[in-house]
Amino acid sequence: MGAMRMLGWGVLLLSTACGASRPAVTRSEPGTGGSGMGSGTDPEASAVASTTRRYVDEDLGFEIVRPTAEWQLDETNERTPEGLAIPVILRHRVTGAQVVLQVAPGVATPVQFAERLTQGLRQQPGFTTTDPQPIALSDNAVGFDFQVGEGVRGKVAVREGNSGRVLMMLATWPTEATAGITESVDALMAGVRPLPEPSVAVRSTPRTP
C-alpha cells in the first residue's frame, strides 16, 4: 500500500468519525454482536453481552471491552474502496465523541501508518496534528492528537493486531466537551486488543501419536 492509499484510508476514517449527525446503525442490543459473541436476537444473550460490555470479532481477530455503558457500539461491516474493514463505530452517548476502528493488512508498521497519515492530514485544510509518539497500548503502538478547525479535537492510535493485521482507532469529540472525555477515549482505546494468535492455541494442544 502506498502513501496515497493509506492517506485515503485515514481521510475516509476521519470523515466517518466526524460525521456526528450520521444515523446510528444499531444491531440488537447496543454493545453486542461480533462473530465470537453470537450476534443473534436472543434477549437473554443480548442482556449478558450488554452487561459484560465485551465485543469479540474472531474473523478479524480483535476484542473490545468498553469502559462504561455510555459507549454504544454499532456494527457497520463497511469497507473502504481498497477493501479495508471498518467493523465497528463506538459513540459516547453523553458527549457525542466517536471512535472508529479499522482493521488493515499489516503492509506497514504502526509507526509507518501513523507517520503517513499525519503527513496526509496536515495537507488537509483546517487540520493540525502533533507528531506521532509511542503510546502505552502496546510495545509497538503509536499515536498522535489532531484538531479540525475550532470545533473538533481528536486522536489516533495504531497498534499491531494478530495474523499480520494492524488495528487503527480514530477518535473525535467536540471541542467544548469536558476534559474527562479524553480519559474515557483513552480507556476505550486501551480496551481494543488483538485476540491471541490462533497458532498459540494450536501449539498448546498435544499432538496425537
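Because the structure is a prediction, the values reported are computed rather than measured.

S.K.: Quick rundown of the pattern of salt bridges? Include the residues and the values.
M.R.: By the definition in use, this model includes five salt bridges. Glu-63 is the partner of Arg-193 in a salt bridge, and the nearest nitrogen-oxygen pair spans 3.1 Å. Here Glu-63 lies in strand 2 (residues 62-65) and Arg-193 lies in strand 11 (residues 192-194), a separation of 130 residues in the sequence. For Arg-193, a relative accessible area of 32% translates into the label partly exposed. Within this structure, Arg-54, Glu-63 and Arg-193 form a network of salt bridges that share partners.

S.K.: Give me the lowdown on the packing of aromatic side chains, citing residues and values where you can.
M.R.: Summed over the entire model, instances satisfying the criterion amount to one aromatic pair. Arranged with centres 6.1 Å apart and planes meeting at 25°, the rings of Tyr-55 and Phe-62 form a pair that is stacked. Like Phe-62, Tyr-55 is buried.

S.K.: Would you mind going over the environment of Gly-96 in detail, with residue names and values included?
M.R.: The residue Gly-96 is located in the loop between strand 4 (85-92) and strand 5 (98-105) in this model. Overall, the relative accessible area of 36% leaves Gly-96 in the partly exposed class. For the pair Gly-96 and Ala-177, spaced 81 residues apart in the sequence, the C-alpha separation amounts to 8.7 Å.

S.K.: Give me the lowdown on helix 3 (residues 110-122), citing residues and values where you can.
M.R.: For helix 3, built from 13 residues, the straight-helix expectation of 18 Å at 1.5 Å per residue is met to within 8% by its first-to-last C-alpha distance of 18 Å. Every buried residue of helix 3 is accounted for by Pro-110, Phe-113, Ala-114, Leu-117, Thr-118, Gly-120 and Leu-121. Seen end-on, helix 3 carries its buried residues on one side only, within an arc spanning 165°.

S.K.: Tell me about the sheet that holds strand 11, residues and numbers included.
M.R.: The strand order 1-2-11 describes an open sheet built from three strands, whose pairing is antiparallel. Looking at which strands have only one partner, the edges of the open sheet turn out to be strand 1 (54-57) and strand 11. Taking the axes of each pair of neighbouring strands and ignoring which way they run, one obtains an average angle of 20° across the sheet. The sheet contact formed by strand 2 and strand 11 spans three bridges and is antiparallel. Residue Ile-64 lies in a different strand from strand 11, and its bridge partner there is Val-192.

How each quantity is defined
Residues numbered from 1 in each chain as written. Predicted model: local features only at pLDDT ≥ 70, side-chain atom pairs only at ≥ 80, totals over all residues. Heavy atoms only, no water. Salt bridge = Lys/Arg side-chain N within 4 Å of Asp/Glu carboxyl O. Helix = DSSP H or I, 4+ residues; strand = E, 2+ residues; numbered from the N terminus. Buried < 20%, exposed > 50% of the residue type's maximum accessible area, 1.4 Å probe, protein only. Phe/Tyr/Trp six-rings, centres within 6.5 Å; stacked < 30°, edge-to-face > 60°. Expected span 1.5 Å × (residues − 1). Arc of directions from axis to C-beta. Pairing = 2+ DSSP bridges. Axes fitted to C-alpha atoms, helices over the stretch in contact; angles between N-to-C directions.

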